[in-house]
Structure formats: C-alpha cells, structure tokens
Amino acid sequence: EGYEVVAESQADWEEEKPLTDALLALFPELFKEKSSAKNAARRKLVMVNDKVMRCSGKVSTSDLVTVTNRTTITKDLSIYLPKEVAETVKTIKVVYEDDHLGVMVKPRGMLSHGKGYECANSLVAHLLEPTKASVEESGGSMHRPRLCHRLDMLTGGLLLVAKTSVAMQALSKAFSERDISKEYFAIVHGKLEEESGIIDKPVEGKEAVTRFERGRTYTAGGAAVVTEVTLFPKTGRRNQIRKHLSGIGHPIVGDLKWCPPALLELIPQDKGMFLWARRLRFEHPVTGHEIRLCEEPPPVFFEL
C-alpha cells in the first residue's frame, strides 16, 4: 500500500501523553473526538518517529508525529479468504459505492450479522474498496465497513453499508428518524381484497406501520393462489413485514416461520422465501445529494 503525509508535528510537552490525546492536541483540525483519533491509529495511519504506533502507544517530548492517508490499494481476495469464499464474494453485486458508503445486494439465505464468512458483515470489507477519504473528510475512517441496517437471513436485496465514521453516524440517525425510504417486493398466499392499505399493528410492543400496494394475482404451480405485493415499511421492527402480512392472513410464500404448513406444502420449499428489498432512497451523508437505487428480484420470483 502507498501512503501520503496529511500532517506532521513535533511534541513539545514535558510529560508523555497517550497517543490519542497527543493527536487531539497536535492536530485539532483533523481530530475532533478521541474516537476519530483512535480509528486513525487502528488503521495504521499514525506514525511516531517514522514507525507506526498502536492506540496504546505514548508520545514523548520531541517525538515527531505523522498522520498519513492511504493513496493506493492492492486488493487480492485470494490473500485473505478461503478459495470457495472468494468465489462467493465475486458473485455478490455492489450497486453503488463511493468513499463514504456502499450498497450491496445481499443474497437470500445469507445472514446480515454473525461470525464467520457466511454473513454479510464479514464480507463487506472484501466487497468494497477501502475509502480514500482523508481523516478530516471521513471524521475518522473505520477500520472496516459496517452495515447500517439488517435484512432477515431469508430476505435478499439492497443493504446499505458505511465506510467512514461520518457516514455511519449520519445514516444511523437517518434510519432512526425514518428519513430513509425503503421498498420491498413480496409474493403472498391468497388474494388481497384491497388494492392498497396500511397495516398499523405493534410488533413486540412497539409501533409498527407498513403501507402496501396490491399487484397481480395468479395461480402458482396449479394449486396455490398468490399475489404480488409492494411494501413500504414506515418503521423497521424485526420481522415487521413478515409478521404484518401473516397477521392479515396473507403470509409470504416460503416463510417457514409464519406460513401455515398446509400452505407451505403447495409450493416447493427449496425455492426460498419470496421477500425482496427492492429500493432505497436517502440523502447522501456527505454531499447531501439524493441517492435512489433499485435492484429487481431474481428470476425465481417470476417463475412460480
């Protein structure tokens, strides 16, 4: 990897200071909080007397402290991942990426969070390019990208990922304040009588609201009547859409938890669950520009 010098200064205090305190004192224009200084050290962007120093290091009088930024990145998945995992990563689509965030398409059947290489949070560092944003621009670049929200394991679709601290903080706030628009596509059992409506029913004692619009109704596999539904969740409770649709008598096709066994038998279970995170709309946390993204469901959704 290549580096460039962002800032450099010599310590002029009498007693040694912890590295994070030294960074705050020497470079107040770069580091507003201790967390951003710690992130820079974790990413090995801080050198003392031309040697990379860890977060736990100390800075003594006359020490030369240098803050750097990565300028070139060599990305070779085979170095870091087992061969079969590297091949899986190559099949995962990234629909948007810049220095502050990325949006991946999570496959159905993959956990959002967890341990090992079977989950999205473990793979995003290999899917996305490391940020080239400066320490000042990023508010302290994180040592690895982080998911801003989650999708159920059985749900596929768009998943928003932060690459810098400023993006993570802003996007987390946007989710909590319901400023991010999400659209889902589902295929449910039965025919919905209403063309559109709102399901307002608490989930685990908390407010949960989902707006829906009915699509076409048809017979799948010669036995099951199913309906395509577009969903706009106002809140983001765990399993909200699945619980809401099941609660009005129209469980999602392939939902092993909330679909009655008699309905599950009508369509082969190896086709998975038919819920897809199709669209995201949000304000970019740094530029302020509106980002609109769409990823249509895979062909299996239209082959019932």
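Below is a short write-up of the structure. (Residues numbered from 1 in each chain as written. Predicted model: local features only at pLDDT ≥ 70, side-chain atom pairs only at ≥ 80, totals over all residues. Heavy atoms only, no water.)

Once that is clear, we can look at the pairing of strand β11 (residues 181–189). With 8 of its 9 residues buried, β11 lies for the most part within the structure. Note: β11 against strand β14 (residues 224–233), 6 bridges, orientation antiparallel. Within the sheet, the bridge partner assigned to Tyr184 lies in β14 and is Leu231. (Buried < 20%, exposed > 50% of the residue type's maximum accessible area, 1.4 Å probe, protein only. Helix = DSSP H or I, 4+ residues; strand = E, 2+ residues; numbered from the N terminus. Pairing = 2+ DSSP bridges.)

Moving on: the packing of aromatic side chains. Overall, the coordinates contain 4 aromatic pairs when judged by the stated rule. Ring centres 6.2 Å apart and planes at 45° place the aromatic pair Phe185 and Phe301 in the tilted group. Placement of Phe185 in strand β11 and of Phe301 in the segment after β16 (290–294) is noted, with a sequence separation of 116 residues between them. One exposure class covers both Phe185 and Phe301, and it is buried. Look at Trp276 and Phe301: their rings are 6.1 Å apart centre to centre, the planes differ by 70°, and that puts the pair in the edge-to-face class. Of this pair, Trp276 sits in strand β15 (residues 275–283) while Phe301 is found in the segment after β16, placing the two residues 25 residues apart along the sequence. Under the relative-accessibility criterion, Trp276 is labelled buried at 5%. (Phe/Tyr/Trp six-rings, centres within 6.5 Å; stacked < 30°, edge-to-face > 60°.)

Next up on the list: the nonpolar core. Ranked by internal contacts, the top residues of the largest apolar core, which has 59 residues, are Leu160, Leu231, Ile252 and Phe282. Discounting residues that sit within four places of it in the chain, Phe282 has contacts with Leu101, Leu160, Leu171, Ile180, His289, Glu290, Ile291 and Leu293. One finds Ala7, Trp13, Leu26 and Phe31 within the second-largest nonpolar core, a separate group that totals 21 residues. (Core = buried A, V, L, I, M, F, W, Y, C linked by side-chain atoms within 4.5 Å. Contact = heavy atoms within 4.5 Å.)

Glancing now at the environment of Phe175. By the secondary structure assignment, Phe175 is in helix α7 (residues 165–176). Phe175 sits 32 residues away from Glu207 along the chain, and the two C-alpha atoms are 15 Å apart. When sequence neighbours within four positions are dropped, the list of residues in contact with Phe175 reads Cys148, His149, Leu160, Ile180 and Lys182.

Our focus in this paragraph is α7. Compared with an ideal rise of 1.5 Å per residue, which puts 12 residues at 16 Å, α7 spans 17 Å between its outermost C-alpha atoms and is within 8% of the ideal. Within α7 the residues assigned to the buried category are Ser165, Ala167, Met168, Leu171, Ala174 and Phe175. (Expected span 1.5 Å × (residues − 1).)

For the rest of this paragraph, the subject is helix α1 (residues 19–26). Where α1 is concerned, the buried positions are Leu19, Thr20, Ala22, Leu23 and Leu26. Summarising the axial view, the buried residues of α1 lie within an arc of 160°, below the 170-degree limit, and thus occupy one face. (Arc of directions from axis to C-beta.)

Along the chain, Asp152 falls in the loop between β9 (141–147) and β10 (156–164). Along the chain, Asp152 and Met110 lie 42 residues apart, while their C-alpha atoms are 8.3 Å from each other. With residues near it in sequence (within four places) discarded, Asp152 still touches Lys106, Met110, Asn239 and Arg242.

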